[in-house]
Amino acid sequence: MLLPEDAGGDVMESNETTEYDVFSVVARDHATRPRNIGPLAVYNGHYRLTGPCGDTMEFWVNVQDNKVTDASFVTDGCDSSLACGSMATVLAKGVSIEQVIATKPQDILTALAGLPEELEHCAFLANDTLRKACENYIKNAPPEPQPKAEDDGLTQTLAKIKNKIAVFSGKGGVGKSTVAVNLATALALAGHRVGLLDTDIHGPSIPTMLGCEGYPLEADSDGLLPAEVGGLKVMSLGFLLHSPDDAVIWRGPRKMAVIKQFLQDVAWGELDYLIIDSPPGTGDEPLSVCQLIGAMDGAVIVTTPQKVAAVDVRKSISFCRQLQVPVLGIVENMSGYVCPKCGDISHILPAGGGAKIAADMNVPLLGSIPMDPQIAFAGDSGTPYLQQFAESQTAQLMRDLIAPLMENPEND
Ligand code: ADP
């Protein structure tokens, strides 16, 4: 880990025996000479927390343009609390609020070159209090102005991406993320440079599907580094959440700001395709994704054969048309059932719903994917179905989905 310059550690070892003997040189330095201690005169995020050990910590942060410009703390705790609070503020300064929230107690401990095990809880208290101070800022922050599509940083990032394709569904649970993962995988296997962006804030399932849960967000001079999994560059809002319950802190305009940062600040580099797993439905969140991207190259809409899903898919198509996003086609998921014994596809429910909506609404049907227990297995196992079961009939159906998306000669 690169430490800020004032992270310390340059204190000479002395031969004297002191109460800090159990501390590393860096931890001792921060315990005896804590940085950024005392309340901040100007701050917009604040939190006070008492840990199970009875120690109290209080953090102040000042956030400007999504960066923690200043952070400070006080504690009534012991020397290790001082060391942890001090290091937490040093690590936070000048860093984006999302990165500060993504910081883990282990980062503080690593930066302090460790603490005796019985004192490690101080790093948890410091980390929790600082995170909650940031969340307090987010909760109270004034609504941000609607970002414009011509925003410089965003435009520069998006200019390096040839095709930005969103995967929508009228409702959750129809297999939107499954289709997004396998669509992206099929494009990567066909030799394209592909990114996968998971903007489904309430159920970011891409990290589970690709086995990269808990990916530690890091940045270099080009921006936040996406995870690289199976030939894909992957970024997920899930990388920011410590637990699924954390999603509730991102309200209204803040969600927009987080999604914007993901689009703008991720070091995607040159890409042929960015597949965007959109939040379900036709509400504010998918709307934000489309507005931020500005010129989306196309949308793939996932549905199931059931009637209610068909009603939803009509809404999704109208939504895309209103936003002038070209509908590349419909994928009918869970259409028919693959027999686990013989591999044959049987249609236990009436088939052809996807084809009918596609014809009614005058959009292409990209294909139908059957219900296949191995798809659910692959989703839980962290390796895309298309990689694990490349030889199956269903895998061929998935590969066929991308043919119409690759018709643009610019993509090759
Ligand atoms: P959504 O993104 O629409 O909420 P997911 O892609 O997360 O839906 O899928 C929901 C669940 O259904 C997951 O457990 C996934 O593995 C499973 N699933 C999706 N498509 C299929 C399919 N064709 N056959 C079997 N299981 C599927």
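For the structure itself, look to the data block above.
The structure presented is a predicted model; accordingly, all values stated were derived computationally and were not measured.

S.K.: Can you lay out the sheet that holds strand β3 (residues 67-75) for me, pointing to particular residues and giving the numbers?
M.R.: Taken together, the four strands give an open sheet; going across it, the order is β1-β2-β3-β4, and neighbouring strands pair in antiparallel fashion. Edge positions in the sheet fall to β1 (45-50) and β4 (95-96), since each of these pairs with one other strand and no more. In the sheet, strand β2 (residues 56-64) pairs with β3 via eight bridges, with the strands oriented antiparallel. Its bridge partner lying in β3, glutamine 64 is registered against lysine 67. Contacting β2, β3 and β4, helix α2 (residues 79-92) crosses the sheet at an angle of about 170° to β3. Its contacts with the sheet place helix α5 (residues 121-140) against β1, β2 and β3, and it is angled at close to 145° to β1.

S.K.: Give a description of the site of the ligand that names residues and reports values.
M.R.: Near the ligand you find 16 residues, and of these Gly173, Lys176, Ser177, Thr178 and Asn333 are the closest. Contact distances for the ligand include 2.8 Å between an oxygen atom and a backbone N or O atom of glycine 173. In the environment of the ligand, an oxygen atom lies 2.6 Å from a nitrogen or oxygen atom belonging to the side chain of threonine 178. Protein burial of the ligand: of its 560 Å² of free accessible surface, 80% is covered by the chains. Within the residue set of the shell around the ligand, elements represented by two or more residues are α7 (176-189), β13 (327-338), β15 (365-371) and α13 (373-381). Its residues placed into classes, the shell around the ligand shows seven nonpolar, seven polar and two charged.

S.K.: I'd love a proper account of the packing of aromatic side chains, names of residues and values included.
M.R.: By the definition in use, this model includes five aromatic pairs. An aromatic cluster is defined as three or more aromatic residues linked by ring pairs; in this entry it consists of Phe377, Tyr385 and Phe389.

S.K.: Hey, could you go over the pairing of β13 for me, with residue numbers and the actual values?
M.R.: Here is the key point about a regular strand: its side chains alternate between the two faces of the sheet. Where burial is concerned, most of β13 is hidden: nine out of the twelve residues are buried. Two elements, strand β12 (residues 298-303) and β13, share five bridges in a ladder whose sense is parallel. Opposite valine 302, over in β13, you have valine 331 as the bridge partner. Here five bridges tie β13 to β15, and the two strands are oriented parallel to one another. The residue of β15 that forms the bridge with asparagine 333 is isoleucine 369. Examined bridge by bridge, β13 and strand β14 (residues 345-346) share two bridges and lie antiparallel to one another. In the sheet register, valine 338 faces β14, and the bridge partner there is isoleucine 345. Counting the residues in the hairpin turn of β13 and β14 gives six residues, including glycine 343, whose phi is positive at 80°.

What counts, and where the lines are drawn
- Residues numbered from 1 in each chain as written.
- Predicted model: local features only at pLDDT ≥ 70, side-chain atom pairs only at ≥ 80, totals over all residues.
- Heavy atoms only, no water.
- Pairing = 2+ DSSP bridges.
- Helix = DSSP H or I, 4+ residues; strand = E, 2+ residues; numbered from the N terminus.
- Contact = heavy atoms within 4.5 Å.
- Axes fitted to C-alpha atoms, helices over the stretch in contact; angles between N-to-C directions.
- Near = heavy atom within 4 Å.
- Polar contact = N/O pair within 3.5 Å; in protein donor to acceptor, adjacent residues only side chain to side chain.
- Areas by Shrake-Rupley, 256 points an atom, 1.4 Å probe, with all protein chains shown as cover.
- Nonpolar A, V, L, I, M, F, W, Y, C, P; charged D, E, K, R; others polar.
- Phe/Tyr/Trp six-rings, centres within 6.5 Å; stacked < 30°, edge-to-face > 60°.
- Buried < 20%, exposed > 50% of the residue type's maximum accessible area, 1.4 Å probe, protein only.

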